[in-house]
Amino acid sequence: MSVGWPGTRAIPAGLPCWIEVACRDESRIRDFYSRLFGWEYTARRDPAAPNGRYWIASSDGVAAGGLYQAGARSASGWTPQLSVPHTASAAEWVEHLGGQIVLGPVAIPERGSIVQTIDACGAPVVFWEAPPDWQFASAVPSTFSGADLNTHDGVAADHFYTKLFNYSSRQVGDGDSVDYVEYSLGRTPVLYRYVMGSEYSPDTPPHWLVYFKVEPARGTDATAGQALMLGGSVVIEPYDTAFGRTAILADPDGTVFAVIDHSRMLEDVGRAEVDDPYDD
């Protein structure tokens, strides 16, 4: 139920090891995700948070993500944190590869050290020197399932991340009408990169789309309906993909995220091709 790697206790460099979101209405957003995913919260002090307070969300007793009050320099949307062995070294490499340092490195009590950055294609990303025994709930219902980096410059993104982490990359789109790349560590996929197409406005900033796994018995459609009832919105109605039945949602702050039911992969639902959510 937690982040890890076969046969090791250390967290490999480049592995997503945390997710967090800056909230305009902190109390309302905590309530939204609590009702949608069943999360419980613990307050912690965090010198990197604008008001010094940081909420740890837990799923079945394991940390699943962080929420904090947004400040003037807060990244918008859900942002992943990627594991690094040394934040100071990571900061140097970020600048060497064309990125920018926003904050840090800074020590976080009981959580190691982080550095907040903007990558070479303009998307926010945090690098974290996490303690080796860090536990992060993932790959089970109501927790992190994956993340897409949505960018206008796939070449810059690929160069930045493959050089920084020695990811291997594989085109899983057709490379023309759909430029969608999988980043892997060894044979294990860890992240995806998508070049935004005509469905996005040209001035849409680079950003991450974080996916949360849903329980098959509950399903993507019911989860989308519940999000709507809780004051969120359905950005893209549920649709079928080779990875699972997916919906793009937004919380009451307007922060976009995705939910996915991996049990409803394309081959299981008998569709000839992936549904196009932008096809009218």
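Residues numbered from 1 in each chain as written. Predicted model: local features only at pLDDT ≥ 70, side-chain atom pairs only at ≥ 80, totals over all residues. Heavy atoms only, no water.

### What to know about the overall build of the protein chain
- Of regular secondary structure, the protein chain possesses five helices and 16 strands.
- Per-residue burial over the protein chain gives 50% buried out of 280 residues.
- The contacts in the protein chain between residues at least 6 apart in sequence include a share of 60% that link residues at least 24 apart.
- Counting every atom, the protein chain has about 12,900 Å² of accessible surface; 49% of that belongs to carbon and sulfur. (Helix = DSSP H or I, 4+ residues; strand = E, 2+ residues; numbered from the N terminus. Buried < 20%, exposed > 50% of the residue type's maximum accessible area, 1.4 Å probe, protein only. Contact = heavy atoms within 4.5 Å. Areas by Shrake-Rupley, 256 points an atom, 1.4 Å probe, with all protein chains shown as cover.)

### Topic: the nonpolar core
- One finds Tyr33, Trp78, Phe127, Tyr161, Tyr167 and Phe257 to be the most contacted residues of the largest nonpolar core, which totals 69 residues.
- Listed in part, the seven residues of the second largest apolar core include Leu209, Tyr211, Tyr239 and Ile260. (Core = buried A, V, L, I, M, F, W, Y, C linked by side-chain atoms within 4.5 Å.)

### With respect to the sheet that holds strand E8 (residues 124–129)
- Across the sheet, eight strands lie side by side as E2-E3-E4-E1-E5-E8-E7-E6; this open sheet has mixed pairing. Looking along the sheet, the strands with just one partner apiece sit at the ends: strand E2 (40–45) and strand E6 (100–108). Taking each pair of neighbouring strands and ignoring which way they run, the sheet shows an average axis angle of 25 degrees.
- Sheet analysis places strand E1 (residues 16–23) next to strand E5 (residues 78–83), joined by five bridges and oriented antiparallel. Within the sheet, the bridge partner assigned to Ile19 lies in E5 and is Pro80. (Pairing = 2+ DSSP bridges. Axes fitted to C-alpha atoms, helices over the stretch in contact; angles between N-to-C directions.)

### A word on the sheet that holds strand E12 (residues 188–195)
- Here we have eight strands laid out as an open sheet, ordered E10-E11-E12-E9-E13-E16-E15-E14, and mixed in their pairing. Two strands close off the open sheet at either side, each with one partner strand: strand E10 (168–171) and strand E14 (233–240). In this sheet, neighbouring strand axes are inclined to one another by 25 degrees on average, regardless of whether the strands run parallel or antiparallel.
- Taken together, the four bridges between strand E9 (residues 144–151) and E12 define a ladder with parallel strand orientation. From the neighbouring strand, Asn150 faces E12, where its bridge partner is Tyr194.
- Its contacts with the sheet put helix H3 (residues 154–165) on E9, E10, strand E11 (180–185), E12 and strand E13 (207–213), and the angle it makes with E11 is roughly 5 degrees.
- Of the strands in this sheet, E14, strand E15 (245–250) and strand E16 (256–261) are in contact with helix H4 (residues 219–229), which crosses E15 at around 10 degrees.

### Observations concerning the pairing of E1
- The element E1 is extensively covered by neighbouring structure, given that eight of its eight residues are classed as buried.
- Of the pairings in the sheet, the one linking E1 to strand E4 (residues 62–69) comprises four bridges and is parallel in character. Across the sheet, residue Glu20 finds its bridge partner in E4, namely Gly66.

### Quick look at the confidence of the model for the protein chain
- With 89% of its residues at a pLDDT of 70 or more, the protein chain shows a mean pLDDT of 87.
- Within the protein chain, the lowest mean pLDDT, 53, falls on helix H5 (residues 266–269), and the highest, 97, falls on H4.
- Low confidence marks residues 1–8, where pLDDT is under 50. Its contacts with residues over four positions away, or in another chain, come to 22 contacts.
- Long-range and interchain partners of residues 268–280, a stretch whose pLDDT sits below 50, account for 17 contacts in this model, where long-range means more than four residues apart. (pLDDT = per-residue confidence, 0-100.)

### A closer look at helix H1 (residues 26–37)
- If you check H1, its first and last C-alpha atoms are 16 Å apart, about what twelve residues at 1.5 Å a residue would give, namely 16 Å.
- Glu26, Ile29, Arg30, Phe32, Tyr33, Leu36 and Phe37 are the residues of H1 that are buried. One side of H1 carries all its buried residues, which in axial view fall inside an arc of 160 degrees.
- Once H1 finishes, Gly38 follows within two positions and takes phi at roughly 75 degrees, a positive value. (Expected span 1.5 Å × (residues − 1). Arc of directions from axis to C-beta.)

### Side note on the packing of aromatic side chains
- Considering all chains together, one arrives at 29 aromatic pairs under this definition.
- Geometrically, the ring pair formed by Phe32 and Tyr33 is edge-to-face, given 5.0 Å between the ring centres and 85 degrees between the ring planes.
- Classification of Phe32 by relative accessible area gives buried; the value is 2%.
- On the accessibility criterion, Tyr33 (0% relative accessible area) is buried.
- A ring pair is formed by Phe165 and Tyr167, whose centres lie 5.3 Å apart and whose planes are at 40 degrees; its orientation type is tilted.
- A relative accessible area of 7% means that Phe165 is categorised as buried.
- Taken together, the aromatic side chains of Phe32, Tyr33, Phe37, Trp39, Trp78, Phe212 and Phe257 make up a single cluster linked through ring pairs. (Phe/Tyr/Trp six-rings, centres within 6.5 Å; stacked < 30°, edge-to-face > 60°.)

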